[in-house]
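Here is what each chain is made of, one letter per residue.
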Amino acid sequence: MTRNLIDFIDISPEEFDGLYSLCSDIMDSPESFIDACKGKVSANLFYEPSTRTNLSFQTAMLRLGGSVVGFSDPGSSSVSKGESLKDTVAMMSNYADVIVMRNPKEGAAKAASLYSRVPVINAGDGGHLHPTQTLADLTTIRKHRGHLENLNIGLCGDLKYGRTVHSLIKAMSRYPGVKFYLISPRELQIPDYVRNFMETHNQKYIEITSLEATIDTLDVLYMTRIQKERFTVAAEYNKLKNAYILTKSKLANARPDLLIMHPLPRVDEISVDVDNDPRALYFKQAQYGMYMRMALLKTITENKPQDPDPCDIGGCRCKNPRCITQSELYLPRLEKKVGDTLCCEYCDKEIEL
Ligand code: NCD
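Residues numbered from 1 in each chain as written. Predicted model: local features only at pLDDT ≥ 70, side-chain atom pairs only at ≥ 80, totals over all residues. Heavy atoms only, no water.

**Things to note about the overall build of the chain**
Each helix and strand in the chain was counted, giving nine helices and eleven strands. Relative to its length of 353 residues, the chain is compact, with a C-alpha radius of gyration of 20 Å against a globular reference of 20 Å. For the chain, the spread of C-alpha atoms along the principal axes amounts to about 55 × 55 × 35 Å. Across the 353 residues that make up the chain, the buried fraction comes to 55%. (Helix = DSSP H or I, 4+ residues; strand = E, 2+ residues; numbered from the N terminus. Rg over C-alpha atoms; globule rule 2.2 N^0.38 Å. Buried < 20%, exposed > 50% of the residue type's maximum accessible area, 1.4 Å probe, protein only.)

**Description of the pairing of strand S10 (residues 335–338)**
The pairing of S10 with strand S11 (residues 341–344) spans four bridges and is classified as antiparallel. Note that in S11 the partner of Val338 across the bridge is Thr341. Counting the residues in the hairpin turn of S10 and S11 gives two residues, including Gly339, whose phi is positive at 60°. (Pairing = 2+ DSSP bridges.)

**A look at the packing of helix H2 (residues 52–63) against helix H9 (residues 282–300)**
Taken N-terminus to C-terminus, the directions of H2 and H9 make an angle of 50°; their axes are 8 Å apart at the nearest point. Taken as axis vectors, H2 and H9 run oblique relative to one another. Judged by the sense of rotation from one axis to the other, the crossing of H2 with H9 is right-handed. Here Arg52, Thr53, Ser56, Phe57, Thr59, Ala60, Met61 and Arg63 of H2 come into contact with H9, specifically with Ala286, Met290, Arg293, Met294 and Leu297. Along the lines of polarity and charge, the residues of the contact of H2 with H9 split into seven nonpolar, three polar and three charged. (Axes fitted to C-alpha atoms, helices over the stretch in contact; angles between N-to-C directions. Parallel < 35°, antiparallel > 145°, perpendicular 65-115°, else oblique. Left-handed = near helix turned anticlockwise from the far one by under 90°. Contact = heavy atoms within 4.5 Å. Nonpolar A, V, L, I, M, F, W, Y, C, P; charged D, E, K, R; others polar.)

**Description of helix H1 (residues 13–28)**
Its 16 residues give H1 an end-to-end C-alpha distance of 23 Å, which sits within 8% of 22 Å, the value for a rise of 1.5 Å per residue. Taken residue by residue, H1 has Phe16, Leu19, Tyr20, Leu22, Cys23, Ser24 and Ile26 as its buried positions. Contact partners of the buried residues in H1: helix H5 (131–145) and H9. (Expected span 1.5 Å × (residues − 1).)

**Some details on unusual backbone geometry**
Pro265 follows Leu264 through a cis peptide bond whose omega is 5°. Take Pro265: it is sitting in the loop between strand S9 (259–261) and H9. A positive phi angle is found at Asn150, which is not glycine, with a value near 55°. Note on placement: Asn150 falls in the loop between H5 and strand S5 (152–156). In this structure Asn150 comes out as exposed when scored by relative accessible area, which is 56%. Even without being a glycine, Asn202 presents a positive backbone phi close to 50°. One can find Asn202 in the loop between helix H7 (192–200) and strand S7 (204–208).

**Re the pattern of salt bridges**
Here the idea is simple: oppositely charged side chains can pair when their charged atoms come close. Evaluated as defined, the whole model comprises 23 salt bridges. The partner of Lys170 in a salt bridge is Asp348, with the nearest N and O atoms 3.6 Å apart. Note that Lys170 is positioned in helix H6 (residues 163–172) and Asp348 in the segment after S11, a separation of 178 residues in sequence. A single burial state applies to Lys170 and to Asp348, both of which are buried. In this structure, the salt-bridge partner of Arg317 is Glu335, at a minimum N-O distance of 2.7 Å. On the criterion of sequence distance, the pair formed by Arg317 in the loop between H9 and S10 and Glu335 in strand S10 is long-range, its members being 18 residues apart. Look at Arg317 and you get partly exposed, because its relative accessible area is 30%. Within the structure, one salt-bridge network assembled from shared partners comprises Asp7, Lys170, Lys336 and Asp348. (Salt bridge = Lys/Arg side-chain N within 4 Å of Asp/Glu carboxyl O.)

**Quick word on the site of the ligand**
What surrounds the ligand is the set Arg52, Thr53, Arg102, His130, Gln133, Arg163, Thr164, Arg225, Gln227, Pro263, Leu264 and Pro265. Contact distances for the ligand include 2.7 Å between an oxygen atom and a side-chain N or O atom of His130. In this structure, a nitrogen atom belonging to the ligand sits 2.9 Å away from a main-chain N or O atom of Leu264. Only H2 and H6 provide two or more residues apiece to the shell around the ligand. Residue composition of the shell around the ligand, grouped by class: three nonpolar, five polar and four charged. (Near = heavy atom within 4 Å. Polar contact = N/O pair within 3.5 Å; in protein donor to acceptor, adjacent residues only side chain to side chain.)

Okay, here's the thing in structure tokens:
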């Protein structure tokens, strides 16, 4: 099993199949796993608000017989005294068997993994990625559809800042016959690096603005919240916040076996009259997320602690103001090519030299 889970594609499709089958075993017989992580400790470092992800990671570890330490408010930790990410992670990785981290900066989990003796799980890094939500999403699709291939997947709402969307696109691009319908206002279209990823992987997609025009062709409709916390101008958020609202009447033309998904929390983008529709799976999706996190924690903590290799200091050329390299200046320069484009290995944005 991969040592860290920073980006969903750290897990091979075969590893995902293994996690899915372990998750199914846990769901069938949770009592057989009550000691699976006995004596293990998870450090949950949440620098950004979270309900589902933090609490589902916590309950997952507790249900495996392990324990959890950490913070959900960086103001109550040494972070408020100015401690660097590097120092917090290096220290916590002496105490715990796994680090689960959420941080508002893009690339923060990748940065943490450079200094950790134990596996690091990305529980959301700014508007970038959210691979464990993708574990919940793929589990939902597979349980309710039986397979992950040959699907028309509509992703609707904030595709620019919605990190769950970015991880889901990367994950589903690995299965043949998938086509994405990317439904968003022009202002909230997917970032260039996600488009570049799809182009270099010959992934089929179309970018559109109307949900109604396409709803009848979809196998999966993945609604998302407009990510208020990522907007720098409140008026811009207010203009876009009600761009899409899925209602019972809009589902009139949808397929009878449509899967309606949402990573939650929902604000207004799915009206409550949809909740009783048998096609609405978002609460089940959250439940699968906890069982998948149990499978992940059990598997990833089988890795033995290992001192990280020493890193170079400084020299990053990324200019993305939301990238972790803009605030943690000691981080080593890490770059990669995606197609012909030179990208930052932390946040994936193009490096403009
Ligand atoms: C998502 C997130 O944090 O990105 N929530 C979650 O983890 N289930 C989606 C969101 O906040 O809109």
